[in-house]
There are 2 protein chains.
Amino acid sequence: MSLKHGLLGFLNYGSMTGYELDKAFKESLDLFWMAQTSQIYRELNSMEKLGWLTSERILQEDKPNKKLYTLTKQGRDELKSWLGKSNNNEGIYVKNGFLMKIFFSGERSTDENIKALKKYKYNCEKALERLGKTGSSIDHYKNQILDKDKAFYWGIAAEYGYYYYMTSIKWADEIIKRLEDIK
Amino acid sequence: MSLKHGLLGFLNYGSMTGYELDKAFKESLDLFWMAQTSQIYRELNSMEKLGWLTSERILQEDKPNKKLYTLTKQGRDELKSWLGKSNNNEGIYVKNGFLMKIFFSGERSTDENIKALKKYKYNCEKALERLGKTGSSIDHYKNQILDKDKAFYWGIAAEYGYYYYMTSIKWADEIIKRLEDIK
DNA sequence: TGGGTCATGTAACCTGTTACATGATTAG
DNA sequence: CTAATCATGTAACAGGTTACATGACCCA
């Protein structure tokens, strides 16, 4: 139950349309929680049924009509409750398909594995670049939000991203070197 | 489509029952891909329908009967094909609910956030401990498998775990310090 | 005239989670 | 006597992915 909570988090800053939420997600949270556009629309629907938000249809002339979502008290309560409760495997059980592949890479040749690790390293480098962009889009949002303290935590999450990708690159380098030595 | 591939990976080392696969998963891959027992049984069923494996019922007297699964050629091909293809976001888009929470933690008090980060740090330390155990269970499996090169990659995946948790702890320490300073 | 932005979705399918059910044997 | 190990699952629900559909407006 996490995409719903991410959406609650954004809507707590102010009313938004599905389209805007989709963009906000892709510009910031995407690195920790990638969401499909279609899923966002579906979840908004189901959240409305749950009473977590209300919607208002806004007619436009030059552009397509849109639907503006607003948090209800229940929605705000749900957000608070999610933020409030911690469980014992937070940040621990993270599904990582790449690592699972590595686990079984004895089935591949050393050359293939070196290639795969180099690709992975490249992907991490690209992700770091995108983090830079996320940084500037965070700055952009910061200026729109009244309560600037809130955006402080956006920076912290982005910083985790730096640590994460830097470490992943270091690991990949180390393993590549080792594989090239035994070749 | 990843639990299926994890199961294929194990079955490639030799025929196993659902119960044994469940244990193997929990003793090794669990840190990168936590799987429910019930899901393992269901997936095995669906994999058999896909023709990736065959099953043989084994009757026992003292213990409950069991079902031994064996890879088919199709199953082995599927494993190879999964290992062979890389995509552009491997290891990049990893869903992390904890980070999403951090992202919205402006809604919580600084004290609550310090508490949550300390809990997170503690969880990471526990995970590191478990990695030690995983290490020994990897050693255990190593001795059962003929082709010891395969187990080399198990160690590499575990090593990623070390890097990962060590970095997470470092990050948490840094943020806790920062939060305590501004308090 | 072709691609980007704005804006919303549906349908089918696949994957993951939670709760529950059963029951014998064995070791401390 | 009680907890762990062995061994298998079902049912219901929740969440995520992929593919597809529509259509206007604007800029180069």
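Parameters at a glance
Residues numbered from 1 in each chain as written. Chains lettered and ligands numbered in written order. Predicted model: local features only at pLDDT ≥ 70, side-chain atom pairs only at ≥ 80, totals over all residues. Heavy atoms only, no water. Contact = heavy atoms within 4.5 Å. Salt bridge = Lys/Arg side-chain N within 4 Å of Asp/Glu carboxyl O. Polar contact = N/O pair within 3.5 Å; in protein donor to acceptor, adjacent residues only side chain to side chain. Helix = DSSP H or I, 4+ residues; strand = E, 2+ residues; numbered from the N terminus. Nonpolar A, V, L, I, M, F, W, Y, C, P; charged D, E, K, R; others polar. Least-squares fit on C-alpha atoms with pLDDT ≥ 70 in both. Near = heavy atom within 4 Å. Phe/Tyr/Trp six-rings, centres within 6.5 Å; stacked < 30°, edge-to-face > 60°. Buried < 20%, exposed > 50% of the residue type's maximum accessible area, 1.4 Å probe, protein only.

K.L.:
What am I meant to see in the interface of chain B and chain A here?
P.N.:
By a widely used convention, the size of an interface equals the accessible area lost when the partners come together. Chain B puts 72 residues into the contact, and the matching count from chain A is 71 residues. Between the two partners, chain B and chain A, sit four salt bridges. Its salt-bridge partner being Glu-159 of chain A, residue Arg-178 of chain B comes within 2.6 Å of it at the nearest N-O pair. Counting the contacts that link chain B with chain A gives 33 residue pairs in polar contact (both at pLDDT 80 or more). For the side of chain B that touches chain A, the secondary structure elements donating two or more residues are helix 1 (3–11), helix 4 (73–84), helix 5 (97–103), helix 6 (110–142) and helix 7 (148–182) of chain B. Element by element, the count of residues in the side of chain B that touches chain A is highest for helix 7 of chain B, at 20 residues. Taken together, the residues of the side of chain B that touches chain A sort by class into 36 nonpolar, 20 polar and 16 charged.

K.L.:
Would you explain the relation of the copies chain B and chain A in this entry?
P.N.:
Two chain copies here: they are related by a rotation about an axis and a translation along the same axis. Superposition of chain B onto chain A requires a rotation of 180° combined with a translation of 0.0 Å along the rotation axis, giving an RMSD of 0.0 Å. Accordingly, the operation relating the two chain copies is best matched by a two-fold axis. Both copies present the same face, since 99% of the interface residues in chain B are matched by interface residues at the equivalent positions in chain A.

K.L.:
Would you explain the protein's contact with DNA strand D in this entry?
P.N.:
Residues in close proximity to DNA strand D total 26 residues, the closest being Met-1, Gln-39 and Arg-42 of chain A together with Gln-60 and Lys-67 of chain B. Considering DNA strand D, the proportion of its atoms within 4 Å of the protein that are sugar or phosphate atoms stands at 63%. The contact in question runs from a phosphate oxygen of DNA strand D to an N or O atom on the side chain of Lys-4 of chain A, over 3.0 Å. For DNA strand D, a phosphate oxygen lies 3.2 Å from a polar atom in the side chain of Gln-36 of chain A. Looking at the surface near DNA strand D, the element that brings in the most residues is helix 3 (residues 37–49) of chain B, giving four residues. Among the residues forming the surface near DNA strand D, the class breakdown is seven nonpolar, nine polar and ten charged.

K.L.:
What is the right way to look at the packing of aromatic side chains in this model?
P.N.:
When we look at a pair of aromatic rings, we describe it by the centre distance and by the angle of the planes. Scanning all chains against the criterion turns up 29 aromatic pairs over all chains. Seen from their ring centres, Phe-104 of chain A and Phe-10 of chain B are 5.3 Å apart, and the 90° between their planes marks the pair as edge-to-face. Remark: Phe-10 of chain B occurs in helix 1 and Phe-104 of chain A occurs in the loop between helix 5 (97–103) and helix 6 (110–142); the pair is interchain, linking two chains. No difference in accessibility class separates Phe-104 of chain A from Phe-10 of chain B, as the two residues are buried. Seen from their ring centres, Trp-154 of chain A and Phe-103 of chain B are 5.3 Å apart, and the 5° between their planes marks the pair as stacked. Residue Trp-154 of chain A is located in helix 7 (residues 148–182), and its partner Phe-103 of chain B is located in helix 5; the two belong to separate chains. Phe-103 of chain B carries the same exposure label as Trp-154 of chain A, and that label is buried. Taken together, the ring pairs connect Phe-98, Tyr-120, Tyr-160, Tyr-164, Tyr-165 and Trp-171 of chain A together with Phe-98, Tyr-120, Tyr-160, Tyr-164, Tyr-165 and Trp-171 of chain B into an aromatic cluster.

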